Amino acid sequence: MAKIDDLKTKSDDQLQEQLGELKREQFNLRFQAATNQLEKPSRTREVRRAIAQIKTLQGERSRAAQKA
């Protein structure tokens with residue numbers, strides 16, 4: 001799982017790319033869970049939280065850019 005400090009050092013493009021990868025992984029995990037093939041159920045939670053961290057950071061950056 002990505003640390004928030006690591007995410008803060010990434011550019012907006014890198015964050016967007018990582019968000020896309022995590023969403024794809026979340027999609028695959030959902031299908032694995034539906035077919036009872038999920039090997040590590042805790043990974044679903046990790047991915048969901050990583051997505052939330054990235055979206056929060058993007059929101060903070062956009063609000064900061066609007067103020068400036």
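What you see is a predicted model; the values in this text were computed from it and never measured. (Residues numbered from 1 in each chain as written. Predicted model: local features only at pLDDT ≥ 70, side-chain atom pairs only at ≥ 80, totals over all residues. Heavy atoms only, no water.)

Draft legend 1. The overall build of the protein chain, seen in detail. Within the protein chain, the regular secondary structure consists of three helices and zero strands. What you see in the protein chain, going N to C, is helices and strands ordered as α-α-α. Rg of the C-alpha trace for the protein chain: 14 Å, well past the compact-globule value of 11 Å for 68 residues, more than 25% over. In terms of principal-axis extent, the alpha carbons of the protein chain reach across some 50 × 20 × 15 Å. Counting only residues that meet the buried cut, the protein chain has 18% of its 68 residues in that class. Sequence-distant contacts, at least 24 apart, represent 69% of the contacts inside the protein chain between residues at least 6 apart. (Helix = DSSP H or I, 4+ residues; strand = E, 2+ residues; numbered from the N terminus. Rg over C-alpha atoms; globule rule 2.2 N^0.38 Å. Buried < 20%, exposed > 50% of the residue type's maximum accessible area, 1.4 Å probe, protein only. Contact = heavy atoms within 4.5 Å.)

Draft legend 2. Representation of the pattern of salt bridges in the model. A complete count under the given rule lists three salt bridges for this structure. For Arg-61, the salt bridge identified is with Asp-12, shortest N-O distance 2.8 Å. Highlighted residues: Arg-61 in helix H3 (residues 42-67) and Asp-12 in helix H2 (residues 12-34), separated in sequence by 49 residues. We note a salt bridge from Glu-46 to Arg-43, for which the minimum N-O separation is 3.1 Å. With Glu-46 and Arg-43 both in helix H3 and three residues apart, this pair spans about one turn of that helix. Arg-43 gets classed as partly exposed once you look at its relative accessible area, which sits at 23%. One network of salt bridges, with partners in common, ties together Glu-25, Arg-43 and Glu-46. (Salt bridge = Lys/Arg side-chain N within 4 Å of Asp/Glu carboxyl O.)

Draft legend 3. Inspection of H2 at higher detail. With 23 residues, H2 ought to run about 33 Å at 1.5 Å a step, and its terminal C-alpha atoms sit 33 Å apart, in line with that. Among the residues of H2, those classed as buried are Leu-15, Gln-18, Leu-19, Leu-22 and Leu-29. Among the residues trailing H2, Asn-36 stands out with phi positive, at a value near 55°. (Expected span 1.5 Å × (residues − 1).)

Draft legend 4. Spatial organisation of unusual backbone geometry. Even without glycine at this site, Asn-36 takes up a positive phi of about 55°. Along the chain, the position of Asn-36 falls in the loop between H2 and H3.

Draft legend 5. Quick peek at the environment of Gln-58. Note on placement: Gln-58 falls in helix H3. Placed 46 residues apart in sequence, Gln-58 and Asp-12 show a C-alpha to C-alpha distance of 7.5 Å. Ignoring any residue separated from it by four or fewer positions in sequence, one finds Gln-58 in contact with Leu-15, Gln-16 and Leu-19. At 3.0 Å, the side chain of Gln-58 and the side chain of Gln-16 are in polar contact. (Polar contact = N/O pair within 3.5 Å; in protein donor to acceptor, adjacent residues only side chain to side chain.)

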